[in-house]
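Here is how the chains run, residue by residue.
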Amino acid sequence: MQSALPETMIAKLVPSMAETGLRHMPVVDAGNRVLGIVTLSDLIGALFQRRLDSAEASRNVA
């Protein structure tokens with residue numbers, strides 16, 4: 001079973017999950033204890049929000 005560490009970058013998880021058809025993945029600590037579950041929807045939403053935040057910051061700088 002695939003899992004992710006808390007520090008795994010979002011941009012690395014999205015392609016991995018999409019290519020394998022996974023819609024959710026456990027997030028585990030170094031001892032392989034489950035800390036939570038991340039979904040593909042969570043990741044896409046986070047990437048989208050990051051893009052919106054970046055665009056907003058760019059507009060405020062000018």
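Residues numbered from 1 in each chain as written. Predicted model: local features only at pLDDT ≥ 70, side-chain atom pairs only at ≥ 80, totals over all residues. Heavy atoms only, no water.

Looking up the chain in an unreviewed UniProt entry gives the name CBS domain-containing protein, with the organism given as Sinorhizobium garamanticum.

J.: I'd love a proper account of the side chain of aspartate 29, names of residues and values included.
T.: As for its placement among the helices and strands, aspartate 29 is situated in the loop between strand 1 (24–28) and strand 2 (34–39). Residue aspartate 29 is classed as buried on the basis of its relative accessible area, which comes to 17%. For aspartate 29, the side chain forms a polar contact with the main-chain nitrogen of arginine 33, separated by 2.8 Å. Every residue in contact with aspartate 29, bar those within four places of it in the chain, is listed here: Leu5 and Leu35. (Helix = DSSP H or I, 4+ residues; strand = E, 2+ residues; numbered from the N terminus. Buried < 20%, exposed > 50% of the residue type's maximum accessible area, 1.4 Å probe, protein only. Polar contact = N/O pair within 3.5 Å; in protein donor to acceptor, adjacent residues only side chain to side chain. Contact = heavy atoms within 4.5 Å.)

J.: Summarise the UniProt feature "domain: CBS" (unreviewed entry) in the chain; cite the residues concerned and give the values.
T.: The feature "domain: CBS" (unreviewed entry), as annotated in UniProt, sits at residues 1–54 in this numbering. Structurally, residues 1–54 is divided into 48% helix and 20% strand, and its ends, taken at the C-alpha atoms, are 34 Å apart. (UniProt positions renumbered as here; feature names shortened; annotations may be inferred.)

J.: Which residues make up the environment of threonine 39, and what are the values?
T.: The topology assignment puts threonine 39 in strand 2. Separated by 16 residues in the primary sequence, threonine 39 and arginine 23 have C-alpha atoms spaced 5.6 Å apart. What threonine 39 contacts, discounting residues up to four positions off in sequence, is Met17, Arg23 and His24. Within the structure, the side chain of threonine 39 is placed 3.0 Å from the backbone nitrogen of aspartate 42, a separation counted as a polar contact.

J.: Which residues make up the packing of helix 1 (residues 10–20) against helix 2 (residues 40–61), and what are the values?
T.: Packing of helix 1 against helix 2 leaves a shortest axis separation of 10 Å and a crossing angle of 135°. Accordingly, the angle class assigned to the pair helix 1 and helix 2 is oblique. The element helix 1 and its partner helix 2 pack so that their crossing is left-handed. Where helix 1 approaches helix 2, its residues Ile10, Leu13, Val14 and Met17 are matched on the opposing element by Leu40, Leu43, Ala46, Leu47 and Arg50. For the contact of helix 1 with helix 2, the class distribution of residues is eight nonpolar, no polar and one charged. (Axes fitted to C-alpha atoms, helices over the stretch in contact; angles between N-to-C directions. Parallel < 35°, antiparallel > 145°, perpendicular 65-115°, else oblique. Left-handed = near helix turned anticlockwise from the far one by under 90°. Nonpolar A, V, L, I, M, F, W, Y, C, P; charged D, E, K, R; others polar.)

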